[in-house]
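# Coordinate analysis (summary)
Now for the letters of each chain:
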Amino acid sequence: MTAKTEADQNQSLPTNYSPLELESEMREFWIKNNISNKMELLENTAKGFLGYVEGPPTLNGIPHIGHARGRIMKDIRYRWKTMEGYYMPFWAGWDCQGLPVELEVEKLLGVRNKRESIQKFGMERFIEECKKTIMRYHQMWLEADSRLGIAINQDKAYWTYKDNYIEREWFYLKQAWEQNLLEEGHYVVAYCPGCQTSLSSAEVGYEGSYKEVEDPSVYFKFKVAGTENEFFLVWTTMPFTIITDTMLAVQPKAEYVKVQVQQESWIMVRQRVEAVMAELEITNYLITEEITGKSLEGTAYEYPFKDIIPKQAELETKHPLVHKVVAEDFVDVNTATGVVHLSPGNGEDDFWAANRRGVPIFVPFDDEVKFTNDAGIFTGVFARDADMLVVEELRNRNAFVKVKKIKHEYPTCWRSHHKLVWLARKEYFLRTDKINSKVLAAAEKIEYFFEEPKNRFLGFLKEGKPWCISRERIWGTPLPMWTCEKCANKRLIASKKELIENAQEPIPDNFELHKPWVDRITLKCEKCGGVMRREDFVLDTWHNSGASPYARFTDEEYEKFVPTAFLTEGIDQTRGWANSLLLEYIILTGKPVAPYKAFLFQGLTQDSKGRKMSKSLGNVIETNKLLEKSSADLCRFYMIRKCSPIDFMSFDLAEISRRPYQVLSTLYHLSRFFLQNATFDEFDPQKYTLEWAFKDGKLQAADFWLMSKLQEKIEEYTNKLERSEFNCAVAVLDDFVIETLSRLYVPMIRKELWTDEPETFERRQTIYVLLHHTLKMVTLLFNPITPFISEALYQKVYRQLESDLPESVNLAPWPTPNQKMINKALEEEFEILLKVVSISYAARQQGKLKRRWPLAKAIVVASEKTLQAIKNLESLFLEQTNVKAAEYAASVPEYVGGENWVSSQEDTITVFLSGQRDDKLLGEGIMRDLARRVQALRKEMGFVPTETLESVHIAELDAESRGLLEPYLPEMAGLVRARKVYLHIACSEVEAKWHESELDGKKIQINIH
Ligand SMILES: [Zn+2]
Ligand SMILES: [Zn+2]
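Residues numbered from 1 in each chain as written. Chains lettered and ligands numbered in written order. Predicted model: local features only at pLDDT ≥ 70, side-chain atom pairs only at ≥ 80, totals over all residues. Heavy atoms only, no water.

### Side note on the overall build of the chain
Per the secondary structure count, the chain includes 35 helices and 36 strands. For 1009 residues, the compact-globule formula gives about 30 Å, and the C-alpha radius of gyration of the chain, at 39 Å, lies well above that figure. In terms of its C-alpha atoms, the chain occupies a principal-axis envelope of roughly 120 × 80 × 55 Å. Per-residue burial over the chain gives 59% buried out of 1009 residues. (Helix = DSSP H or I, 4+ residues; strand = E, 2+ residues; numbered from the N terminus. Rg over C-alpha atoms; globule rule 2.2 N^0.38 Å. Buried < 20%, exposed > 50% of the residue type's maximum accessible area, 1.4 Å probe, protein only.)

This is how it looks when you write it as structure tokens:
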């Protein structure tokens, strides 16, 4: 065994880059050495704090790659900022309560709704199941984080269902209550009949909640009171709302007409007559009278269902405007008939129109949105099931005109996909509309990195609607509001202590701040001595997570870490967490300040065909399953490199093994190449430093160029990370590794490392200094993106050479550019060189001259500046183009031309190559071809690049080639690192294991050992 093989065996970087093995080894290393905790110990010595609060994933589902993408971005920032020397509380957090978890448990228990689950299992059991469910999912998330290499601190995680968190969340409500921003009131809210709870207006616009649904499109007519044949013509897609109809509305500024249709006269807006008649397929009609919208105000109509809904008849006696026409500016005269029927119990505009006039709100629905007794014959019918019954009753009463089916976009529940129903309900609201100017002022000051998500967020915030925070559910933070049975006095409780102190009965041991336990506590009314009971609501789950900046920390931590420096979540959080954080923080502080200084909204992740990932399509890629077989580093690299963080990403598994693999594998092999050579020459980075290399003219042009490029790349990369252009940042490293290092620099110096002559020892050490520094910097820069390979190289290459380096790559300092090493002029010359070399390759292609064949001459015709650059780098130019001599000219020399020359041109640069090859050039060409084959064979047989071969044997080459090759055998031996190369006519001349190869289409045999 040779010395070089021994050296190779002493270090631990395996021949092949096997990411899965390497990653599990690094995972173990981190755990065994407690690296994530050590990253945090930097708090004492940090150069500053960067506040952070985790956007808590809901523990109701399996982590998929969409989650992974966001977590990788968070992890990137944490690793990078930690290396920069900042302390960041990168602590996990879990959203544990609310509708999503309850629905999951209902599914598990096999019940259809809340009522059923309480009846069958009771609340205690239901809550127990909720807790079990989140703990089950928690395990999967822990696994996914570990597989992905997310360095988040799991021990310091917050849980939104824990009493201490709930108490601090209540503190927000106390602030709202004291500022009169928390109100109970009747408002129209979106209500999901499936989940049996109201939703916030933010949730209604939630990603994917609008679905195309089929609804009846009904034209109907209400008779004008006191006439025989005059009617208002009205249109609706929700016939059930005719049950709760109390008024008609017209646009006061528009012109209305009476249209004669057979014996009847229909009132509608003028501009819609033709379109509506066409839709109704009525050709025979006549406009008989024009009237203003304003003049219709106060007209009474005969509500047709008074006989079957007695309550509606009763309503007429309660208020003079019931079943009258009102004038409202919101009436749109560009659609339908311009006459709108108002159901204040089922519509927001309708509600306010009634509310302003004191008209009673008729809401005959129970929690399942079934009609109550007040709805007469419709009692017990689910609202949307009443549609066709209503149409039938209209028909029976000469109030029906026409019905069709239409498909339209209609909001559905983002969780259960039931069609939402708008209902006037008693709810609790945060009057965020009152603080909207502060909200907008705060939002303007946030850094969003990209215009589009910023505009989207600001546009949404401008809506500034009150926030319905009450939910009629079980598993959630209880609304801490107690109301007196007698005098309706309200009291908000803001802590467990306050509750215990004020409870009328002693509190049992197993008490926690959840239903049903809190419901059992009654308080004594301070005003009248009556019994106060808790309002039977839990809080919107978005309120839970929105409270995290205060609720997840201690007071001291809160002071230190909030406002946070940077947060990132999916674009779907525009209406979710980004919003609730902002609103709640402004309520908490009373100031127009956001709890985050920067917010990066990420695009969502789709499947390879650009489709949304969903259970129904079966195209969800689970993180844990994916990473059983795929490398975490490659996935991380891929997901970050593929597109901008704000783009929707189409995840294609096949792409991972292409460019991402190429880049990381190249980095791995370059590091291995360096290590093998450096180990052989006993390179000591403490002795041979960068400072040493830069002294006494040791560096050559290519070395200076590499150092200059590296400094710029460090700067560019860091700047792009800072601007959240993660994909562009990775592209910088990608390009540097593949183009600058692997394709250009290493081939330039490779041959210099092949000798072990004492006289070139210093040159070799110089190259090691540069490779060591460059590859180490690249490894550190890669750490935020691909932490596994970075740690592996750091441990197996850099800590091998320097044992007193920090224990982990995560603890190493972030590279900073050395401005003194930047040489713009040299880089420009190299740009020119590379361009001219590429033109010469094009010329070779023209003449079918392989790049390995040496040619006698190249003539460069170009501007003075270009020529000067090439002259300055002439030896590199000759080597790169593989020609023996170069000539320079401002214009094409006369002797050039004819069949002995090939050329290629780009812009103002032309390169001529002499295509004529004499015996010398032919011989050298054959030698280089063979050398390449021997190199491939060396690699195939597992010889280490630094290892010297005993001998190389070539057989079965034709006589002419043998003659040409003979003089070049010593040079070839040097090239392939062999002591000697032997030529044989036939294989039989030597007893050896021959390997078949070919040269210019002819079979030859090679043996190496
Ligand atoms: Zn629902
Ligand atoms: Zn009272």
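### Let's talk about the pairing of strand S8 (residues 230–236)
The element S8 is extensively covered by neighbouring structure, given that six of its seven residues are classed as buried. As defined by bridge partners, strand S7 (residues 210–224) adjoins S8 across six bridges and the pair is classed as antiparallel. Looking at S8, one finds that Val 218 is bridged to Thr 236. Hairpin remark: S7 followed by S8, antiparallel, with five residues in the connecting loop; positive phi at Gly 226, about 80°. (Pairing = 2+ DSSP bridges.)

### Some remarks on the nonpolar core
Residues Leu 582, Leu 771 and Phe 877 are the most contacted members of the largest nonpolar core, which totals 234 residues. A per-element tally of this core places helix H27 (residues 726–750) first, with 14 residues. Leaving out residues up to four positions away in the same chain, Phe 877 has contacts with Leu 833, Val 836, Val 837, Ala 858, Val 860, Ile 870 and Ala 886. (Core = buried A, V, L, I, M, F, W, Y, C linked by side-chain atoms within 4.5 Å. Contact = heavy atoms within 4.5 Å.)

### Observations concerning the sheet that holds strand S9 (residues 247–250)
Sheet architecture is open: three strands sit in the order S14-S9-S15, paired in mixed fashion. The outermost strands of the open sheet, each flanked by one partner alone, are strand S14 (324–327) and strand S15 (339–342). Each adjacent strand pair in this sheet contributes to an overall mean axis angle of 35°, direction not counted. (Axes fitted to C-alpha atoms, helices over the stretch in contact; angles between N-to-C directions.)

### Remarks on the side chain of Glu 569
With respect to the secondary-structure elements, Glu 569 resides in strand S25 (residues 567–570). Residue class for Glu 569 comes out buried when judged on its relative accessible area of 13%. Other than its neighbours up to four places away in sequence, Glu 569 contacts Gly 55, Lys 74, Trp 577, Phe 599, Leu 600, Phe 601 and Gln 602.

### A short note on the coordination of the zinc ion (ligand 2)
Taken together, Cys 484 (SG), Cys 487 (SG), Cys 525 (SG) and Cys 528 (SG) make up the full set of protein donors to the zinc ion (ligand 2), lying 2.2 to 2.3 Å away. Bound by four donor atoms, the zinc ion (ligand 2) shows angles of 99 to 117° at the metal and therefore tetrahedral coordination geometry. The sequence pattern formed by the donor residues of the zinc ion (ligand 2) is C-x2-C-x37-C-x2-C. Here the residue Cys 487 occupies a position in the loop between strand S20 (481–484) and strand S21 (490–492), and Cys 525 occupies one in the loop between strand S22 (523–524) and strand S23 (531–534), the gap between them amounting to 38 residues. We classify Cys 487 as partly exposed; its relative accessible area is 33%. (Donors = N, O, S within 2.8 Å, 3.2 Å for Na, K, Ca; no water. Tetrahedral: all angles 85-135°; square planar, octahedral: opposite > 155°, others 65-115°.)

### Quick look at the packing of helix H26 (residues 701–722) against helix H28 (residues 761–782)
Look at H26 against H28: their axes get within 11 Å of each other, and the N-to-C directions meet at 10°. Considering the angle they form, H26 stands roughly parallel to H28. Taken together, the residues of H28 that come into contact with H26 (itself represented by Asp 703, Leu 706, Met 707, Leu 710, Ile 714 and Tyr 717) are Arg 763, Leu 770, His 773, Thr 774, Met 777, Leu 781 and Phe 782. Its residues assigned to classes, the contact of H26 with H28 shows nine nonpolar, two polar and two charged. (Parallel < 35°, antiparallel > 145°, perpendicular 65-115°, else oblique. Nonpolar A, V, L, I, M, F, W, Y, C, P; charged D, E, K, R; others polar.)

### With respect to the coordination of the zinc ion (ligand 1)
Protein coordination at the zinc ion (ligand 1): the donors are Cys 192 (SG), Cys 195 (SG), Cys 413 (SG) and Ser 416 (OG), at 2.1 to 2.3 Å from the metal. Every donor counted, the four donor atoms about the zinc ion (ligand 1) form angles of 100 to 116° at the centre, which fits tetrahedral coordination. The sequence motif formed by the donor residues of the zinc ion (ligand 1) is C-x2-C-x217-C-x2-S. Residue Cys 195 is found in the loop between strand S5 (182–192) and strand S6 (197–199), and its partner Cys 413 is found in the loop between strand S16 (400–411) and strand S17 (421–430); the two are separated by 218 residues along the sequence.

### A closer look at the environment of Lys 419
In this structure, Lys 419 sits in the loop between S16 and S17. Once the C-alpha coordinates of Lys 419 and Ser 209 are considered, the two residues, 210 residues apart in sequence, prove to be 9.5 Å apart. At 3.3 Å, the side chain of Lys 419 forms a polar contact with the backbone oxygen of Glu 214. Of the polar contacts made by the side chain of Lys 419, one reaches the side chain of Asp 215; its length is 2.9 Å. (Polar contact = N/O pair within 3.5 Å; in protein donor to acceptor, adjacent residues only side chain to side chain.)

### So, helix H5 (residues 99–109)
Residues separated by three or four positions in an α-helix point in the same direction, a consequence of the helix having 3.6 residues per turn. Burial analysis of H5 places nine of its eleven residues in the buried class, the great majority of the element. Taken residue by residue, H5 has Leu 99, Pro 100, Val 101, Glu 102, Leu 103, Glu 104, Val 105, Glu 106 and Leu 109 as its buried positions. Along its buried surface, H5 packs onto helix H6 (114–148), S6 and helix H17 (541–546).

### Some thoughts on the environment of Ala 792
With respect to the helices and strands, Ala 792 occurs in helix H29 (residues 787–801). Taking the C-alpha atoms as reference points, Ala 792 and Val 746, 46 residues apart in sequence, are found 22 Å from one another. Beyond its immediate stretch of four places on either side in the chain, Ala 792 contacts Leu 22, Met 26 and Val 797.

### What to know about the packing of helix H15 (residues 451–463) against helix H20 (residues 577–589)
Following both chains from N to C, one finds H15 and H20 inclined at 55°, their axes separated by 11 Å at the closest point. With respect to each other, H15 and H20 are oriented oblique. The two elements H15 and H20 cross, and the hand of that crossing is right-handed. Judged by residue contacts, Phe 457, Phe 460 and Leu 461 of H15 engage Ala 578, Asn 579 and Leu 582 from H20. A class-by-class count of the residues in the contact of H15 with H20 yields five nonpolar, one polar and no charged. (Left-handed = near helix turned anticlockwise from the far one by under 90°.)

### Describing unusual backbone geometry
The omega torsion of the bond from Lys 515 to Pro 516 falls at 0°, within 30 degrees of zero and hence cis. For Pro 516, the position within the fold is in the loop between helix H16 (496–502) and S22. In this chain, Val 562 is followed by Pro 563 through a cis amide linkage whose omega measures 0°. Relative to the helices and strands, Pro 563 resides in the loop between helix H19 (555–561) and S25. The phi torsion at Ser 724 lies on the positive side, around 60°, for a residue other than glycine. Within the secondary structure, Ser 724 is located in the loop between H26 and H27. Accessibility expressed as a relative area gives 1% for Ser 724, which makes it buried. Positive phi values are uncommon outside glycine, yet Glu 956 reaches one of about 70°. With respect to the element layout, Glu 956 can be found in the loop between strand S33 (952–955) and helix H34 (959–965).

### What about the sheet that holds strand S18 (residues 467–468)?
With antiparallel pairing, the four strands of this open sheet are ordered in space as S6-S5-S17-S18. In this open sheet, the two edge strands, each paired with only one partner strand, are S6 and S18. Judged from the two bridges that link them, S17 and S18 form a sheet pairing that is antiparallel. Note that in S18 the partner of Leu 430 across the bridge is Trp 467. Along the sheet, helix H12 (residues 348–357) contacts S5 and S17; its crossing angle with S5, the most-contacted strand, is approximately 140°.

### Description of the pairing of strand S26 (residues 599–602)
The side chains of a regular strand alternate between both faces of the sheet. Here S26 shows a buried face lined by Phe 599 and Phe 601 and a second buried face lined by Leu 600 and Gln 602. Where S25 meets S26, four bridges bridge the pair, whose relative direction is parallel. Bridge pairing in S26 links Gly 570 to Gln 602. With respect to chirality, the unit in which S25 leads through H20 into the neighbouring parallel S26 is right-handed. (Right-handed = clockwise from strand over helix to strand, strands pointing away.)

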